[in-house]
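# Fold and contact review
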Amino acid sequence: MQVLPIFDLVLFGGTGDLAMRKLLPALYRRAAAGQITKDSRIIGAARSELSQQEYLSQVEESCRKHVGADFDAKQWELFAQRVSYVKIDVHTESDFQALAEKLAGRENTIRVFFLSTAPDLFANICEGLAKANVCTANSRVVLEKPLGTDRQSADEINDRVGAMFNERQIFRIDHYLGKEAVQNLLALRFGNMLFEPLWRRGRIQHVQITVAEDLGVERRAQFYDQIGALRDMVQNHLLQLLCIIAMEPPATGDPDAMRDEKLKVLRALRPLRGRDVLTKTVRGQYKSGAANGAPVVGYLNEKDVPTDSTTETFVALKVEIDSWRWAGVPFYLRTGKRLQEKQSEIVITFEDVPHSIYDRPDDQHALNRLVIQLQPDEAITLSILAKSPGEGMRLKPADLSLDFSDVFKARPLDAYERLLMDVIKGTLTLFMRRDELDAAWAWIDPIREAWIQHDERPKSYTAGSWGPAAASSLLGRDGFAWRNEL
């Protein structure tokens, strides 16, 4: 474990859900592990009028809840000495002076400004920091997704933030890239020879990426209704996972070598435009049903959702990559809210043997599959055919499984633990570069435009199901099925 250099981390949106549920507990864990020095500081910044003690009480309550059994009162006392609070209304220039006073005299210290706020505040915050003269050569700014609502708005944010910070100082965060299973996907691909000869057309039949949530919109309804599943999840999380699967091996572990290869994938995505969008995408919106055994309302009955909303809470897409490695291999992406269970996984299905000499299951069950499970538990499973006990040579599916919790006894880092430490160390590998973001929006925007042009309204699906029937047909037309349907 590398002990971090001294830093000041300013957490805008310091009283918000993400800060309390993920960021502050992650920082507590790294401090308790001895990775954060006693001279480093964490400064919460928000509009609320809170005393130092009131803020610490909120942070302690949140850390106790989300750290759970690992919470230690003595470690909390040490951590609390590093935490302070400053009231900042980002539209009030004078409020930034209070922050400047807190940071005074530590100009050579690493400064991290984490913007856990609505994206439309990013530029205002950065301009306020610049006017308060707190942006130094050692400063970094972290931007949470979604960065804008389309390519034009993303460009505007990037231009305005880029006027205060250079590209090497901007960390566009996607927490999925910090997950242990995603790190292991990189290790699997680029640390082992076993799969590389098979990682291509002619060997892989198709790829599925699913990020399913059993929750509804919760307290994000007002925000979510302006965004929808395509922009909230596909534009960042799912496309980033696709890039890691499809990218060519980078020449080195250098951050830009990795990001260069991801960019090539984004630029090789076959565009979805016009009527193609109607046959290769599915929009859905959940109606009333059940979740975890309890009845739940439909999306249109959620608090703060307009009763005539056409925002999609589910989307499935057939994606093709025009490259020598992947030509002809379909990638199916799926994400949604109020689905049957919380599940994030990547399923790589290999081609069948050219000639079978044994008694075996039907085609769909006979295929080899590599399943990388991201949540709720992180694991890798390889499905093969093995001989069933008894006389004869009847083959049946069997799984070779790697459960990280069984093999590695040490607690894996939470995604935000890893990514926050990378920001402080200045490691950009797991963060999106501006040209990556631009390429992702350039591919996503025509899909939304086609939905509007053809008045493609979301199809209803029952809360607690796996989404609209049309999502199954999307694969069924090609002779495939989602893994949960096999």
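Because the structure is predicted, anything quoted here is derived from the model rather than measured.

## Some remarks on the pattern of salt bridges
- For the structure on display, the rule yields 42 salt bridges.
- The partner of Asp8 in a salt bridge is Arg41, with the nearest N and O atoms 3.0 Å apart. Note that Asp8 is positioned in strand β1 (residues 7-12) and Arg41 in strand β2 (residues 41-46), a separation of 33 residues in sequence.
- Taking relative accessible area as the criterion, Asp8 reaches 0% and is therefore assigned buried.
- Judged by relative accessible area, Arg41 falls into the partly exposed class, the value being 24%.
- Residue Lys318 is joined to Asp478 by a salt bridge in which the shortest nitrogen-to-oxygen separation is 3.1 Å. In this pair, Lys318 is assigned in strand β11 (residues 314-319) and Asp478 in the segment after α16 (469-476), connecting sequence segments 160 residues apart.
- According to the relative accessible area criterion, Lys318 is buried, its value standing at 16%.
- For Asp478, a relative accessible area of 29% corresponds to the partly exposed category.
- Each of Arg168, Asp256, Arg259, Asp260, Arg433 and Asp435 takes part in salt bridges that share partners, so that together they form one network.

## Considerations on unusual backbone geometry
- Cis geometry is adopted by the peptide bond preceding Pro376, which originates at Gln375 and carries an omega value of 10 degrees.
- With respect to the secondary-structure elements, Pro376 resides in the loop between β14 (369-375) and β15 (379-387).
- Phi angles above zero are rare outside glycine, and Asp304 is one such case at about 75 degrees.
- Along the polypeptide, Asp304 turns up in the loop between β10 (294-296) and β11.
- Although it is not a glycine, Asp455 sits at a positive phi angle of roughly 50 degrees.
- Here Asp455 lies in the loop between α15 (434-453) and β17 (459-462).

## Brief notes about the sheet that holds β17
- Pairing is mixed across the open sheet formed by nine strands, whose spatial order is β16-β15-β14-β13-β7-β12-β11-β8-β17. Pairing within the sheet leaves two strands with one partner each, and these edge strands are β16 (395-403) and β17. Across the sheet, the mean angle separating the axes of adjacent strands is 20 degrees when strand polarity is ignored.
- The pairing of β11 with strand β12 (residues 331-336) spans six bridges and is classified as antiparallel. Within the sheet, the bridge partner assigned to Leu317 lies in β12 and is Leu333.
- Strands β8 (281-287) and β11 of the sheet are contacted by α15, whose axis makes an angle of about 120 degrees with β11.

## Let's talk about the packing of aromatic side chains
- Scanning all chains against the criterion turns up 16 aromatic pairs.
- On the numbers, 6.3 Å between centres and 35 degrees between planes, the contact of Phe71 with Trp76 is tilted. Trp76 carries the same exposure label as Phe71, and that label is buried.
- Between Phe171 and Phe431, the aromatic rings sit 5.0 Å apart at their centres with planes inclined by 80 degrees, giving edge-to-face as the arrangement. Within this pair, whereas Phe171 is found in strand β6 (residues 170-172), its partner Phe431 is found in the loop between α14 (415-425) and α15, the two being separated by 260 residues in sequence. As far as the burial class goes, Phe171 and Phe431 line up, both buried.
- Put simply, the rings of Tyr224, Tyr286, Tyr299, Phe314 and Tyr461 pair up and form one aromatic cluster.
- Over the aromatic face of Tyr176 sits the side chain of Lys179, whose NZ or CZ is 5.2 Å from the ring centroid.
- The ring of Trp482 carries the charged tip of Arg334 above its face, separated from the ring centre by 4.1 Å.

## Points about the sheet that holds β6
- The six strands lie next to each other as β3-β2-β1-β4-β5-β6, forming an open sheet whose pairing is parallel. Looking at strand neighbours, the two that pair on one side only are β3 (83-87) and β6, the edges of this open sheet. Strand after strand, the sheet turns through a mean of 20 degrees between neighbouring axes, direction not considered.
- Examined bridge by bridge, β1 and strand β4 (residues 110-115) share six bridges and lie parallel to one another.

## Examining the packing of helix α1 (residues 17-32) against helix α2 (residues 52-67)
- Two elements in contact, α1 and α2, have axes whose closest approach is 9 Å; the angle formed by their N-to-C orientations is 85 degrees. When the axis of α1 is compared with that of α2, the two are roughly perpendicular. From α1, Met20, Arg21, Leu24, Pro25, Tyr28 and Arg29 reach across to α2, where they touch Tyr55, Gln58, Val59, Ser62, Cys63, His66 and Val67.

## A look at the pairing of β11
- For β11, a buried count of six out of six residues is recorded, marking the element as mostly surrounded by other parts of the structure.
- Taking every second residue as pointing to the same face, both faces of β11 are buried, with Phe314, Ala316 and Lys318 on one and Val315, Leu317 and Val319 on the other.
- Inspection of the sheet shows β8 paired to β11 by four bridges, in the antiparallel sense. When the bridges of β11 are listed, Arg283 appears paired with Val315.

## Some remarks on empty space enclosed by the protein
- Tallied over the entire structure, the rule returns two cavities of 30 Å³ or more.
- A volume near 90 Å³ is recorded for the largest cavity.
- Residue lining of the largest cavity: Leu143, Glu144, Lys145, Leu147, Arg172, Ile173, Asp174, Gln235, Asn236, Met432 and Leu437, and that is the complete set.
- Each residue belonging to the lining of the largest cavity can be placed in one class, and the counts come to five nonpolar, two polar and four charged.
- Taken as a whole, the second largest cavity spans an internal volume of roughly 60 Å³.
- For the second largest cavity, the full set of lining residues is Leu177, Leu186, Ile244, Met247, Met258, Lys262, Thr429 and Leu430.
- Residues of the lining of the second largest cavity, tallied by class, amount to six nonpolar, one polar and one charged.

Calculation notes
Counting restarts for each chain: residues are numbered from 1 in the order of the written sequence. The predicted origin of the model limits local features to residues at a pLDDT of at least 70 and limits the giving and counting of side-chain atom pairs to 80 or more, whereas totals for whole chains, interfaces and linings rest on all residues. Side-chain numbers here rest on the full set of heavy atoms in the structure, without hydrogens or water. We count a salt bridge whenever a side-chain nitrogen from Lys or Arg sits within 4 Å of a carboxyl oxygen from Asp or Glu. Numbering of helices and strands runs from the N terminus; a helix is a DSSP stretch of H or I covering at least four residues, while a strand is a stretch of E covering at least two. Buried, partly exposed and exposed residues are distinguished by accessible area as a fraction of the type maximum, computed with a 1.4 Å probe on protein chains only: under 20%, between the cut-offs, and over 50%, respectively. Pairing between strands is defined by DSSP: at least two bridges between the two strands are required. Here, axes are lines fitted to C-alpha atoms. For helices the fit covers the stretch in contact, and angles between N-to-C directions go from 0 to 180 degrees. For this analysis, residues touch if any pair of their heavy atoms sits within 4.5 Å. Pairing of aromatic rings covers Phe, Tyr and the six-membered ring of Trp, with a centre-to-centre limit of 6.5 Å; geometry is then stacked below 30 degrees between planes, edge-to-face above 60, and tilted otherwise. The criterion for a charge sitting over a ring is simple: Lys NZ or Arg CZ within 6 Å of the ring centre, and within 35 degrees of the ring normal. Any angle from 65 to 115 degrees is called roughly perpendicular, while one under 35 is roughly parallel, one over 145 is roughly antiparallel, and all others are oblique. Only protein atoms enter the 1 Å grid used here, on which a cavity is any set of points holding a 1.4 Å probe that cannot leave and a pocket is any open set flanked by protein within 12 Å on both sides along at least five of seven lines; residues with an atom within 4 Å of a point are listed as lining. Grid points are joined across faces, edges and corners, and a volume is the space filled by probe spheres set on the points. Three classes are used: nonpolar for Ala, Val, Leu, Ile, Met, Phe, Trp, Tyr, Cys and Pro, charged for Asp, Glu, Lys and Arg, and polar for all others, with Gly counted as polar.

These values are about where atoms sit, not about what they do.
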